[in-house]
Structure formats: C-alpha cells, structure tokens
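Architecture at a glance
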Amino acid sequence: MINDCAFVGETILKYLPESVERTHVKRSRGLWSKTFGIALKIFGSKADVYHVNYLLQDCYLALKLGKKPLVGHAHGSDIRAGLDHHLWKRIVKYNLKNCDKILVSTPDILELARQYREDVIYLPNPVDSQLYYTKPMREPGEKLRILIASDSNWSVKGTDVAIRALSRIRDQVDVSIVNYGRDFEKTINLAKSQGLDLQLLPKVSHERVREYYWNADVVIDRFKLGSLGMISLEAIACGRPVVSFVSSKYSEYESFPLKDVDTEENIIKAINNAKIELWEKEYAYLGKNHEAISIVESLMDIYDAIASIDRK
C-alpha cells in the first residue's frame, strides 16, 4: 500500500485477511518525503500487488519504477482538480491509462475517470467500525449541538453556505467547528459578520475525532460535491445524523435518505428534521454500502485477478 488518503488505505490494510502480508509505504507533505523520499521507498518495495492512493506523483513514480501489477486509487481532488491543472494533468492522465486497475472512492469522479478508460470501478470507502461505533445520544437540550467537522474550504466543501444557513437559526443552535482548512479565517470572519458564535475545536488525531462526533447532536459536512465524504460516514457510524449534499443523480446513493441539500433553505430544513429516524436510515445505508469487511473482500477479488493468484 503506497501513500494514503483519509485513512482509507490504512483501513483496507487493517481488514485484509490474516494470510495476506502487507506493507504500508507512507510519506509526509515535506518536499523530500513526497519526492525523492517516496521514490526510494517505492523502489525498495517488493510485492505481488501494489495499491497506490491518489493518482499524482506516488502513482507516477510506481509506474515508472516498474511496480506491477498496480492498482491506482483516486480519491477526489486528484481527478477533479488534477485533470484541470497545467502541471498535474499529464501525470494524472498517464496514471489513469497505465495502471492495471483504477478505483474511485466517490461516484462524482467516476464519469471523469471513465473518459480515459471504461473499466474504472467505484469502490465505496470502508468505515472502520472498530474505531467508529455508536454511542447513545444525549438528552435533548435547549439548543441543538451542531458540529462542522470538515475542513473550512469554500470552493470544495461549501463551508460558507453552512455558516450562512446556521446564522439564520443561530438562536436555536450551538455550533462547533474544527480549526483547520485554508479558508478557516474567512469562515470565522463570516460567522462574526452574521452574528453566529462558533466554539473552536483543535484539530485532533484520526482516532480522537470520534469524541467530537459523540458530543454533537447533528454533524454537517460538505455542500458542493454531491458525494459522501469520510466525515459523513464516520459520524453516521458514531450514531449521529448527518446533513450533507448528496446528489440524487448518482445511482450509488439511491438508498441514502437525505438528498440534494445544497442551499441554505434546504440545510436549515434538514437540520430541523435531523431526528433519530433520519440517523437510522443513514445507518442502514452505511451498513449496506460501507462495511469494511465486505469492501475488502471485493478488493481481494481485484487483487487476485490482476496478480493471477488462485486462493480458492
């Protein structure tokens, strides 16, 4: 497993059968680590199957270093932004065309990837149920506790839309927001201008973020892409209803109960209706589509097929 994104690779490794030997080749965002450092690690790795997360330099290096068979796993911005980027476009296209198999983690990038090859597979993101599990909701209080858990990014996450919506019901909610994202300061300033008080939460480890979910009544995620992010999935797994923009145009989300929440009015309506019944339907969708063991079983079939290994 090369690199990672939103801990998807790590979760896959965790749920692989015990008979499978595994190695995780990781890197940081430092200049050396993400260039020569990762190249040296990939060069020294040996496996029957290579699985690289994100279709940028890690994938390109693995291909150029002859690491085959190679599964390229796209997670979002590598496809959405990468195919439009003047520097990354050539690399992303090369990766899409030359990997032995391409996986995408959300349906909104499926059609984009299929412009370059028809055999792209949508693999739902697995949720680690050992790490994220349900806890009872607290007794209702005077105000609804809302958590903005995704990073502050107006163009991708629509954090500004969420803030404007919440400001309209500010007397009914207590809002917390995790302190990270390129537009965080802009978000804080917008909230102040709208008269919305925000409780600022420090960014914590992947494991500890579940405490934030458990402390909320409703978790709100993103309102631009139309696909479910890991934050939504993890929050649902923790027993909290989620309000996020899930587009009805994607058949993969047919059984998800809350769709097309992409305006201030729809966000307010969804928050006001985010009762236990909504969470139960979201949790049923989660169990059917994002259960880690089932997803890894499907992935093992892909590994076996491209490695020509018969494990029957």
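Residues numbered from 1 in each chain as written. Predicted model: local features only at pLDDT ≥ 70, side-chain atom pairs only at ≥ 80, totals over all residues. Heavy atoms only, no water.

**Some details on the sheet that holds strand β7 (residues 198-201)**
Backbone hydrogen bonds are what pair the strands of a sheet, in a parallel or an antiparallel way. The sheet built from five strands is open, its strands ordered β7-β6-β5-β8-β9 with parallel pairing. Both outer strands of the open sheet, β7 and β9 (242-243), are each paired with one neighbouring strand and no more. (Pairing = 2+ DSSP bridges. Helix = DSSP H or I, 4+ residues; strand = E, 2+ residues; numbered from the N terminus.)

**Here's the deal with unusual backbone geometry**
In this structure, Pro-69 follows Lys-68 across a cis peptide bond, with omega equal to -10 degrees. With respect to the helices and strands, Pro-69 occurs in the loop between α3 (57-64) and β2 (70-74). Phi is positive for Phe-7, which is not a glycine, with a value near 65 degrees. Here Phe-7 shows up in the segment before α1 (8-15). Phi at Tyr-54 is positive, roughly 85 degrees, even though this residue is not glycine. Overall, the relative accessible area of 17% leaves Tyr-54 in the buried class. (Buried < 20%, exposed > 50% of the residue type's maximum accessible area, 1.4 Å probe, protein only.)

**Thoughts on the side chain of His-206**
Tracing the sequence through the fold places His-206 in the loop between β7 and α9 (209-214). Within the structure, His-206 has its side chain in polar contact with the side chain of Glu-234 (distance 3.3 Å). Each residue touching His-206, except ones within four places of it in the same chain, is listed here: Phe-7, Leu-131, Tyr-132 and Glu-234. (Polar contact = N/O pair within 3.5 Å; in protein donor to acceptor, adjacent residues only side chain to side chain. Contact = heavy atoms within 4.5 Å.)

**Thoughts on the sheet that holds β2**
If you trace the four strands from one edge of the open sheet to the other, you get β1-β2-β3-β4, paired in parallel fashion. Pairing within the sheet leaves two strands with one partner each, and these edge strands are β1 (50-53) and β4 (121-122). Pairing analysis gives four bridges linking β2 to strand β3 (residues 101-104), with the strands arranged parallel. Within the sheet, the bridge partner assigned to Ala-74 lies in β3 and is Val-104.

**A short note on the packing of aromatic side chains**
Per the stated rule, a full pass over the model turns up eight aromatic pairs. Both rings, one in Tyr-132 and one in Tyr-213, keep their centres 6.3 Å apart while their planes meet at 55 degrees; by these two values the pair is tilted. Taken as a pair, Tyr-132 in the loop between β4 and β5 (144-148) and Tyr-213 in helix α9 lie far apart in primary sequence, 81 residues in all. Of the two residues, Tyr-132 and Tyr-213, neither departs from the other in class, the shared state being buried. Grouping aromatic residues by their ring pairs yields a cluster made of Tyr-250, Tyr-253, Phe-256 and Tyr-285. The lysine or arginine in question, Lys-135, covers the ring of Trp-214, its NZ or CZ lying 4.2 Å from the ring centre. Lys-186 extends its terminal NZ or CZ atom over the ring of Trp-154, reaching a point 4.2 Å from the ring centre. (Phe/Tyr/Trp six-rings, centres within 6.5 Å; stacked < 30°, edge-to-face > 60°. Lys NZ or Arg CZ within 6 Å of the ring centre and 35° of its normal.)

**A look at the pairing of β5**
Pairing analysis gives five bridges linking β5 to strand β6 (residues 173-178), with the strands arranged parallel. Bridge pairing links Ile-148 to Ile-177 in β6. For the segment spanning β5, helix α7 (residues 159-167) and β6, crossover handedness is right-handed. Judged from the three bridges that link them, β5 and strand β8 (residues 218-220) form a sheet pairing that is parallel. Of the residues in β8, the one forming a bridge with Ile-146 is Val-218. (Right-handed = clockwise from strand over helix to strand, strands pointing away.)

**What about the pairing of β1?**
By the alternation rule, side chains of β1 split into Tyr-50 and Val-52 and His-51 and Asn-53, which are all buried. As defined by bridge partners, β1 adjoins β2 across four bridges and the pair is classed as parallel. Looking across to β2, one finds that Val-52 is bridged to Gly-72. For the crossover that starts at β1, traverses α3 and ends in the parallel β2, the hand is right-handed.

Interpretation note: all reported values are geometric properties and have no functional meaning in isolation.
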